[in-house]
Protein chains: 4
Amino acid sequence: MLSIPMHQEPNPTAILLLSCRDRRGLVSRISHFIYERGGNIIDLDEHVDAGEGMFFIRVSWSTDRLTIPVSALEDAFRPLGTEFEASWNIRFTGRPTRFAIFVSRYDHCLQELLWRYSMGEFSAEIPLVISNHPDLEPLAAHYGIPFHQFRVTADTRADVEAEQQALLDANDIDAIVLARYMQVLSPSFARRWHGRAINIHHSFLPAFVGGNPYRQAYERGVKIIGATCHYVTEELDQGPIIEQDIMRVTHRDTLQGLIRRGRDLERMVLARAVRLHAEHRILLNGRKTIVFD
Amino acid sequence: MLSIPMHQEPNPTAILLLSCRDRRGLVSRISHFIYERGGNIIDLDEHVDAGEGMFFIRVSWSTDRLTIPVSALEDAFRPLGTEFEASWNIRFTGRPTRFAIFVSRYDHCLQELLWRYSMGEFSAEIPLVISNHPDLEPLAAHYGIPFHQFRVTADTRADVEAEQQALLDANDIDAIVLARYMQVLSPSFARRWHGRAINIHHSFLPAFVGGNPYRQAYERGVKIIGATCHYVTEELDQGPIIEQDIMRVTHRDTLQGLIRRGRDLERMVLARAVRLHAEHRILLNGRKTIVFD
Amino acid sequence: MLSIPMHQEPNPTAILLLSCRDRRGLVSRISHFIYERGGNIIDLDEHVDAGEGMFFIRVSWSTDRLTIPVSALEDAFRPLGTEFEASWNIRFTGRPTRFAIFVSRYDHCLQELLWRYSMGEFSAEIPLVISNHPDLEPLAAHYGIPFHQFRVTADTRADVEAEQQALLDANDIDAIVLARYMQVLSPSFARRWHGRAINIHHSFLPAFVGGNPYRQAYERGVKIIGATCHYVTEELDQGPIIEQDIMRVTHRDTLQGLIRRGRDLERMVLARAVRLHAEHRILLNGRKTIVFD
Amino acid sequence: MLSIPMHQEPNPTAILLLSCRDRRGLVSRISHFIYERGGNIIDLDEHVDAGEGMFFIRVSWSTDRLTIPVSALEDAFRPLGTEFEASWNIRFTGRPTRFAIFVSRYDHCLQELLWRYSMGEFSAEIPLVISNHPDLEPLAAHYGIPFHQFRVTADTRADVEAEQQALLDANDIDAIVLARYMQVLSPSFARRWHGRAINIHHSFLPAFVGGNPYRQAYERGVKIIGATCHYVTEELDQGPIIEQDIMRVTHRDTLQGLIRRGRDLERMVLARAVRLHAEHRILLNGRKTIVFD
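Residues numbered from 1 in each chain as written. Chains lettered and ligands numbered in written order. Predicted model: local features only at pLDDT ≥ 70, side-chain atom pairs only at ≥ 80, totals over all residues. Heavy atoms only, no water.

**Q** Quick one: what's the story with the UniProt feature "domain: ACT" (unreviewed entry) in chain A, residue by residue and with numbers?
**A** UniProt feature "domain: ACT" (unreviewed entry): in the numbering of this structure it lies at residues 15–95 of chain A. Measuring from the first to the last C-alpha atom of residues 15–95 of chain A gives 11 Å, for a span that is 26% helix and 40% strand. (UniProt positions renumbered as here; feature names shortened; annotations may be inferred. Helix = DSSP H or I, 4+ residues; strand = E, 2+ residues; numbered from the N terminus.)

**Q** Tell me about the UniProt feature "active site" (unreviewed entry) in chain A, residues and numbers included.
**A** Look at the UniProt record and you will see "active site" (unreviewed entry) annotated at A:Asp237. Relative to the assigned elements, A:Asp237 resides in the loop between β10 (224–231) and β11 (241–248). Looking at A:Asp237, the relative accessible area reads 5%, which means it is buried. What A:Asp237 contacts, discounting residues up to four positions off in sequence, is A:Asn199, A:His201, A:Leu205, A:Val209, A:Gly210, A:His230 and B:Arg220. At 2.8 Å, the side chain of A:Asp237 and the backbone nitrogen of A:Gly210 are in polar contact. (Buried < 20%, exposed > 50% of the residue type's maximum accessible area, 1.4 Å probe, protein only. Contact = heavy atoms within 4.5 Å. Polar contact = N/O pair within 3.5 Å; in protein donor to acceptor, adjacent residues only side chain to side chain.)

**Q** Before we move on, could you go through helix α5 (residues 157–170) of chain A and cite the residues and values that matter?
**A** Residues and elements named next belong to chain A. With 14 residues, α5 should cover 20 Å at 1.5 Å per step; its first-to-last C-alpha distance of 20 Å lies within 8% of that length. When α5 is considered as a whole, its buried residues turn out to be Val160, Glu161, Gln164, Gln165, Leu167 and Leu168. For α5, the buried positions fall inside an angular range of 160 degrees around the axis, keeping them on one side. Every exposed residue of α5 that faces more than 90 degrees away from the buried side is listed here: Ala158, Asp159, Asp169 and Ala170. Where α5 is buried, its residues meet β5 (97–103), β6 (124–131), β7 (147–149), β8 (175–178) and α6 (187–192). Downstream of α5 by a residue or two, Asp172 has a phi angle that is positive, lying close to 55 degrees. (Expected span 1.5 Å × (residues − 1). Arc of directions from axis to C-beta.)

**Q** Quick one: what's the story with the interface of chain A and chain B, residue by residue and with numbers?
**A** In this assembly, 35 residues from chain A lie in contact with 35 residues from chain B. Of all residues in chain A, A:Arg220, A:Lys223 and A:His251 bury the most surface against chain B, accounting for 25% of the area lost on that side. Counting every contact that joins chain A to chain B gives six salt bridges. Residue B:Arg252 pairs with A:Asp45 through a salt bridge whose shortest N-O separation is 2.4 Å. Counting the contacts that link chain A with chain B gives 22 residue pairs in polar contact (both at pLDDT 80 or more). Residue assignment for the side of chain A that touches chain B shows that the elements contributing at least two residues are β2 (40–49), α7 (213–220), β11 and β13 (288–291) of chain A. Taken together, the residues of the side of chain A that touches chain B sort by class into 14 nonpolar, seven polar and 14 charged. (Buried area = accessible area lost by both parts, 1.4 Å probe. Salt bridge = Lys/Arg side-chain N within 4 Å of Asp/Glu carboxyl O. Nonpolar A, V, L, I, M, F, W, Y, C, P; charged D, E, K, R; others polar.)

**Q** Any chance you could break down the relation of the copies chain A and chain B for me, citing the residues and the numbers?
**A** Structural alignment of chain A on chain B gives an RMSD of 0.0 Å, achieved by rotating through 180 degrees and translating 0.0 Å along the axis. Such a turn and shift between the copies fits a two-fold axis. Among all C-alpha atoms of chain A, that of A:Ala207 lies closest to the rotation axis, at 2.3 Å. Interface residue correspondence from chain A to chain B reaches 100%, placing this contact among same-surface, isologous pairings. (Least-squares fit on C-alpha atoms with pLDDT ≥ 70 in both.)

**Q** So what's going on with the packing of helix α1 (residues 26–35) of chain A against helix α2 (residues 73–83) of chain A? Which residues, and what values?
**A** Residue and element names in this part refer to chain A. It is the contact of α1 with α2, at a shortest axis distance of 11 Å, that shows an interaxial angle of 165 degrees. Taken together, α1 and α2 sit at an angle that is classed as roughly antiparallel. Crossing handedness for the pair α1 and α2: right-handed. Of the residues in α2, those touching α1 at Arg29, Ile30 and Phe33 are Leu73, Ala76, Phe77, Leu80 and Glu83. Residue composition of the contact of α1 with α2, by class: six nonpolar, no polar and two charged. (Axes fitted to C-alpha atoms, helices over the stretch in contact; angles between N-to-C directions. Parallel < 35°, antiparallel > 145°, perpendicular 65-115°, else oblique. Left-handed = near helix turned anticlockwise from the far one by under 90°.)

**Q** For the packing of aromatic side chains, give the residues involved together with the corresponding values.
**A** One pass over the structure, following the stated rule, counts 18 aromatic pairs over all chains. Look at C:Phe33 and C:Phe77: their rings are 5.1 Å apart centre to centre, the planes differ by 80 degrees, and that puts the pair in the edge-to-face class. Taken together, the residues span a long stretch of sequence, with C:Phe33 in helix α1 (residues 26–36) and C:Phe77 in helix α2 (residues 73–83) at a distance of 44 residues. Look at D:Phe77 and D:Trp88: their rings are 5.0 Å apart centre to centre, the planes differ by 65 degrees, and that puts the pair in the edge-to-face class. Placement of D:Phe77 in helix α2 (residues 73–83) and of D:Trp88 in strand β4 (residues 87–92) is noted, with a sequence separation of 11 residues between them. For D:Phe77, a relative accessible area of 0% translates into the label buried. Connected via pairs of aromatic rings, a cluster forms that spans A:Phe33, A:Phe77 and A:Trp88. The ring of A:Tyr218 has B:Lys288 lying over it, and the distance from NZ or CZ to the ring centre is 3.4 Å. (Phe/Tyr/Trp six-rings, centres within 6.5 Å; stacked < 30°, edge-to-face > 60°. Lys NZ or Arg CZ within 6 Å of the ring centre and 35° of its normal.)

**Q** Quick rundown of the interface of chain D and chain C? Include the residues and the values.
**A** You'll often see interface size given as the accessible area lost when the parts meet. Between chain D and chain C, the residue contacts involve 35 residues of the former and 35 residues of the latter. Interface area, chain D with chain C, both sides summed: about 3,000 Å², of which 51% is carbon and sulfur. When the buried surface of chain D facing chain C is broken down by residue, D:Arg220, D:Lys223 and D:His251 rank first, second and third, together holding 25% of it. Remark: the boundary between chain D and chain C carries six salt bridges. Ionic pairing is found between D:Glu243 and C:Arg248, a salt bridge with its closest N-O pair at 2.9 Å. Here chain D and chain C share 22 residue pairs in polar contact (both at pLDDT 80 or more) between them. Among the elements that line the side of chain D that touches chain C, the one with the most residues is strand β11 (residues 241–248) of chain D, at seven residues.

**Q** For the pattern of salt bridges, give the residues involved together with the corresponding values.
**A** When charged atoms on two side chains of opposite charge get close, those side chains can pair. Following the criterion strictly, the structure yields 116 salt bridges over all chains and no others. Where D:Glu83 meets D:Arg23, a salt bridge forms, and the shortest distance between an N and an O atom there is 3.3 Å. Separated by 60 residues along the polypeptide, D:Glu83 in helix α2 and D:Arg23 in the loop between β1 (13–21) and α1 (26–35) bring together distant segments of the chain. A salt bridge links D:Arg105 to D:Asp135; the nearest nitrogen and oxygen atoms lie 3.2 Å apart. Of the two residues, D:Arg105 sits in the loop between β5 (97–103) and α3 (108–118) while D:Asp135 sits in the loop between β6 (124–131) and α4 (137–142), which places them 30 residues apart along the sequence. A residue is classified by how much of its surface remains accessible, and D:Asp135, at 34% relative accessible area, is partly exposed. Through salt bridges that share partners, A:Glu112, A:Arg116, A:Glu121, A:Arg263, A:Asp264, A:Arg267, D:Glu112, D:Arg116, D:Glu121, D:Arg263, D:Asp264 and D:Arg267 make up one connected network.

**Q** So, α2(D): which residues are in play, and what are the values?
**A** All names here are of chain D. Buried within α2 we find Leu73, Phe77, Leu80 and Gly81. Across the axial projection of α2, the buried residues extend over an arc of 100 degrees, all falling on one side. When the buried face of α2 is taken as reference, the exposed residues oriented beyond 90 degrees from it are Asp75, Pro79 and Thr82. Contact partners of the buried residues in α2: β1, α1, β3 (54–62) and β4.

Structure below.
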């Protein structure tokens with residue numbers, strides 16, 4: 001069993017994610033809010049979707065010379081947020097994002113995530129792994145992560161999801177990662193975790209939606225395969241895309257070869273998406289994402 | 001007007017493309033055929049599709065010390081081809097592939113092809129450009145290529161295709177290239193040019209079939225866009241894929257930006273496909289291609 | 001001869017590029033400067049090099065409701081720039097960057113730049129092409145660009161550069177592009193155009209500095225070749241890198257093949273760098289660049 | 001401890017790797033040799049280096065209907081190999097390549113190799129891990145691989161290498177993998193393992209030879225970083241390149257970020273090179289490689 005690095009910071013970095021209708025002075029007002037409270041902006045990225053008339057910003061600042069307590073920042077910002085009719089939140093690097101990972105029997109994505117976690121690559125905590133199969137228990141154990149198995153059938157899905165939700169609540173989970181989890185979430189569960197449930201689909205979406213995407217790719221004779229990370233929505237494989245990547249294939253690649261090679265894509269793309277979410281770099285824009293990387 | 005390099009070779013390279021059911025001894029028999037007639041193999045690439053039980057080969061050899069006339073090679077090989085129940089042909093580098101390019105109003109693909117042609121990059125001749133619009137006539141003229149305009153409407157398509165076919169026949173055309181040609185070929189025309197009509201589609205097929213693929217990609221919020229070259233078949237955008245490529249995009253790319261950036265993909269992918277076809281590197285395997293690159 | 005689109009805007013976008021030592025409140029002060037004069041920020045990108053303690057920003061804003069004349073913006077900003085001890089300037093989209101392109105005999109980079117220019121891809125004007133050979137005069141003429149030939153020898157370089165400088169001054173040139181220009185600039189000429197002279201080197205710098213990089217790459221047996229755009233400095237191939245790209249090669253690629261395939265890299269990388277410079281997206285950070293793309 | 005799949009095949013695939021001076025009839029003679037002994041060619045790839053006048057071939061064939069014992073193939077082929085004055089050998093899939101992995105303290109490459117090994121991705125056996133540090137013993141133990149630690153100092157290197165060689169001999173090792181092994185092999189050791197010792201260098205060679213390549217890359221301000229796998233030779237980082245790959249970086253990437261991101265490159269490139277070597281897909285051509293992938 002490995003020990004995982006803990007994150008504790010006396011003066012964390014604050015990160016604001018905000019979206020609202022575009023208007024004059026947003027950057028000025030927000031950056032002035034930070035400045036007049038003694039914050040020093042480390043990173044600011046903004047985007048205006050001119051077609052939709054929407055404004056998106058991610059700004060992070062150091063709190064070591066802040067003139068108000070860190071714990072008072074949210075209340076202090078609320079009037080601005082209300083004025084802008086914004087969707088917003090403030091997070092701190094001292095409070096890592098807590099992920100639960102859902103798996104079935106394939107180990108490559110879990111292996112990748114836990115190895116990176118053990119390296120301290122993510123600003124994250126992973127207090128538990130949930131599975132509908134027992135196979136990956138030893139892998140979770142190797143990294144010292146509690147493993148919870150739930151048998152799922154069509155009849156029991158609602159009950160199981162309720163139990164899972166209780167477990168997620170008890171562990172104060174911020175986001176869930178479906179790391180080749182071979183179960184479809186119920187619409188209500190998907191809605192509850194809207195924008196906080198990350199799935200990896202083993203194709204270049206929107207090509208090859210649904211089952212057996214490698215077989216579909218093989219039979220179509222594509223010259224490039226892909227993998228796609230997206231937020232889960234009620235509609236299968238239709239959620240906002242976070243990250244994609246591809247690799248070239250040829251007529252020499254068998255179906256088994258595509259599956260083997262595709263594993264590398266899946267785990268790399270998933271790891272990038274988890275890092276982006278953990279670092280609060282993603283904003284939703286309808287069925288799209290804004291990724292401030 | 002530029003002058004285009006001519007291809008004339010006293011001792012051309014011969015290229016055999018062959019596919020048949022797999023059986024023992026195919027490589028041995030074929031390479032022995034070449035060896036015993038004094039040919040020296042320059043390049044040999046073969047592939048067995050174990051699932052389909054099919055064998056594919058491309059082999060090229062020098063003819064400078066051939067013990068039979070180059071013109072007698074096809075007849076000499078015929079008994080082997082018949083014995084193998086193969087689909088096959090033999091081409092020579094001294095006889096460049098003759099392409100007709102079909103265009104509408106977008107110039108980027110035509111520009112790319114003609115510039116490469118003028119550089120001698122293709123083992124090809126381009127005796128004519130066909131268009132349903134007059135816009136690109138000056139570009140063709142700059143490279144000294146005859147330009148033929150045909151007005152096409154739903155009513156006249158059959159007649160126009162007949163005229164075009166006559167023109168293609170008169171010019172001894174081997175293959176046609178649809179370089180952002182904004183007309184759908186009729187089923188009978190598509191069948192006639194089966195495996196010899198190359199289209200560029202401005203998406204990563206099979207994603208975004210049909211019209212406005214950049215708009216579809218923009219609205220879906222993909223993180224990667226693509227372009228696909230395929231042989232034309234009766235079914236729109238469903239033909240065997242020759243080549244694909246992609247580029248990363250972000251939320252910063254507008255629809256206009258995707259269109260602008262995608263042009264680079266389209267022309268590069270099309271140019272590669274045209275070169276592959278010109279060099280006789282592509283074999284059909286049902287709705288897939290074998291590309292010996 | 002083609003006609004090139006002209007850029008005229010009544011209410012241009014203003015673009016500030018600024019770098020200075022990092023300090024609290026820079027974003028706030030700068031965005032407030034814009035806000036209080038009625039500007040609406042379209043795009044803001046900033047970067048802090050924590051190791052060097054340096055701050056870099058690019059911010060663009062619309063001027064259609066500006067409360068001061070556009071022409072007064074620079075004077076209005078000067079006090080802030082002075083206070084921050086910053087290196088800065090403000091440009092406007094209504095005043096395109098004026099490039100002179102230097103070429104020798106290879107046409108691929110010039111072809112690419114002029115074609116994109118004719119498509120309106122660059123916020124740029126290209127009033128002249130300068131060459132030490134006559135070969136590319138017809139290409140410049142096709143796009144209607146004046147072409148100036150200068151014979152250069154070791155003895156005459158100083159005189160020629162003086163003449164060229166006079167020509168550049170007369171044409172109000174902002175930046176020069178060495179599009180496979182086979183002459184080394186003199187140190188004094190390089191200094192004069194510091195940060196404004198873009199060169200394309202046909203290797204993945206810092207690998208294969210100097211002459212014949214494709215031959216060097218071929219002989220080393222690399223599996224990937226590259227191209228690099230950088231600002232020219234007195235030291236050959238050592239200037240700040242703007243953009244790089246690569247392509248995979250194999251043992252099948254001959255030296256001639258590398259040269260042919262590498263052309264595609266060179267022109268794409270150069271075109272991207274020219275666009276970045278034209279859109280004022282590049283800041284110098286010592287011997288590195290900050291590219292706000 | 002995981003159990004690793006064993007490779008046992010009654011009718012293995014035979015693989016010939018051969019290089020010699022080019023001459024007429026090589027493919028015909030070799031494929032006929034296979035045919036007349038009842039072999040069926042599965043895959044044949046050949047290359048002629050016209051500049052060097054050299055011929056390279058990899059051919060694999062099924063042995064299930066062979067008319068001679070598999071064990072007699074080498075003796076049967078010897079006359080041909082002698083006649084061609086070739087460098088050649090024949091391997092069988094039933095006898096996996098046996099690798100020893102050398103590591104120091106970084107775990108990412110070892111983790112990647114052992115995980116793939118446990119998945120059965122390599123046609124390989126890994127009977128031991130050798131290290132000059134104790135850190136990675138638990139990782140090797142997790143996969144059930146014996147771990148041998150050797151303390152190395154400048155004074156003891158010769159003795160340690162002798163001990164290591166004895167251990168490699170005792171384990172019948174075919175090839176060694178330096179998976180971020182922070183020791184330079186002695187010239188005599190490097191010579192002994194010529195063409196059989198694979199190293200991963202964390203740069204895009206030949207850029208950034210030697211120590212701290214990420215620091216060198218960071219300070220040079222490159223826009224792309226790379227990793228390179230090569231065979232070890234006496235001259236540091238100068239051996240024949242097997243495989244390379246790259247990733248884009250920006251001014252936002254800190255040195256620590258390059259190191260973190262580069263780990264992904266290193267392990268992917270190393271894994272590909274190990275697979276290529278295990279599958280007998282690499283031939284040496286002087287200081288280059290021929291990779292039949």
